[in-house]
Amino acid sequence: MNLFNPKPEIFSKLSELGYPVTQSSQNKFNEVPAITFRIDGNNTDYYLENEIASQQILVTIDIWTNDSVTASSILAQVEAKMRELKYRLNTSLDVPSPEGALYHINATFIGNR
């Protein structure tokens, strides 16, 4: 088994939602709502023959909107898309922000290959 790169399939799946999607830890988008994601962990286990046996992948997804209701709705949509890829929601949180800032939900997903 070769090392699996999860970024292309995650980008493609999240893009199906119709929002701008950026693979980055920075919020590089020009309109909201928007989604950013990054891989925060890609751990491998090996067989005795030094071949990859499995990978555990940790994906962080950030949702950026102008209001809390929209952010929560998009989180539900993102969770459904990630479940299609066999990732499970690990955590989600509303990120506190100063008045006038974008609403921001941060969620992590775990998947195994």
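Structure first, text after, so check above.
Calculation criteria
Residues numbered from 1 in each chain as written. Predicted model: local features only at pLDDT ≥ 70, side-chain atom pairs only at ≥ 80, totals over all residues. Heavy atoms only, no water. Helix = DSSP H or I, 4+ residues; strand = E, 2+ residues; numbered from the N terminus. Contact = heavy atoms within 4.5 Å. Areas by Shrake-Rupley, 256 points an atom, 1.4 Å probe, with all protein chains shown as cover. Lys, Arg positive; Asp, Glu negative; His and termini not counted. Charge placed at Lys NZ, Arg CZ, Asp CG, Glu CD. Axes fitted to C-alpha atoms, helices over the stretch in contact; angles between N-to-C directions. Parallel < 35°, antiparallel > 145°, perpendicular 65-115°, else oblique. Left-handed = near helix turned anticlockwise from the far one by under 90°. Nonpolar A, V, L, I, M, F, W, Y, C, P; charged D, E, K, R; others polar. Phe/Tyr/Trp six-rings, centres within 6.5 Å; stacked < 30°, edge-to-face > 60°. Lys NZ or Arg CZ within 6 Å of the ring centre and 35° of its normal. Buried < 20%, exposed > 50% of the residue type's maximum accessible area, 1.4 Å probe, protein only. Polar contact = N/O pair within 3.5 Å; in protein donor to acceptor, adjacent residues only side chain to side chain. Pairing = 2+ DSSP bridges.

1. Considering the overall build of the chain
- Counting secondary structure elements, the chain contains two helices and five strands.
- Starting at the N terminus and ending at the C terminus, the chain contains elements arranged as α-β-β-β-α-β-β.
- Taking the principal axes of the C-alpha coordinates as reference, the chain spans close to 55 × 25 × 25 Å.
- Put simply, 57% of the contacts in the chain that link residues at least 6 apart link residues at least 24 apart.
- Just so you have it, the chain exposes about 6,600 Å², and 47% of that area is on carbon and sulfur atoms.
- Distance between charge centroids for the chain: 4 Å, based on 9 positive and 13 negative side chains.

2. Overview of the packing of helix H1 (residues 7-15) against helix H2 (residues 68-84)
- The geometry of H1 relative to H2 is characterised by a closest axis approach of 9 Å and an angle of 135 degrees between their N-to-C directions. Judged by the inter-axis angle, H1 sits oblique to H2. The interaxial crossing formed by H1 with H2 has right-handed handedness. Contact residues: Ile 10, Lys 13 and Leu 14 in H1; Val 78, Lys 81, Met 82 and Glu 84 in H2.
- Residue composition of the contact of H1 with H2, grouped by class: four nonpolar, no polar and three charged.

3. Side note on the packing of aromatic side chains
- In this structure the tally under the stated criterion is zero aromatic pairs.
- A cation over an aromatic ring shows up here: Arg 113 above the ring of Phe 4, its NZ or CZ 4.0 Å from the ring centre.

4. Describing the side chain of Asn 106
- Within the secondary structure layout, Asn 106 lies in strand E5 (residues 103-112).
- Among the residues examined, Asn 106 registers a relative accessible area of 15% and is labelled buried.
- For Asn 106, the side chain forms a polar contact with the side chain of Asp 62, separated by 2.8 Å.
- Once you skip the residues sitting within four places of it in the chain, Asn 106 turns out to touch Thr 60, Ile 61, Asp 62, Thr 91, Ser 92, Leu 93 and Val 95.

5. What to know about the sheet that holds strand E4 (residues 87-94)
- The strand order across the open sheet formed by five strands is E1-E2-E3-E5-E4, and the pairing between neighbours is mixed. Taken across any chain shown, the strands that pair with only one partner, and hence form the sheet edges, are strand E1 (21-23) and E4. Strand-to-strand twist across the sheet, computed as the mean angle between neighbouring axes with direction ignored, equals 20 degrees.
- Where E1 meets strand E2 (residues 34-46), three bridges bridge the pair, whose relative direction is parallel. In the sheet register, Gln 23 faces E2, and the bridge partner there is Phe 37.
- Contacting E1, E2, strand E3 (52-65) and E4, H1 crosses the sheet at an angle of about 150 degrees to E2.

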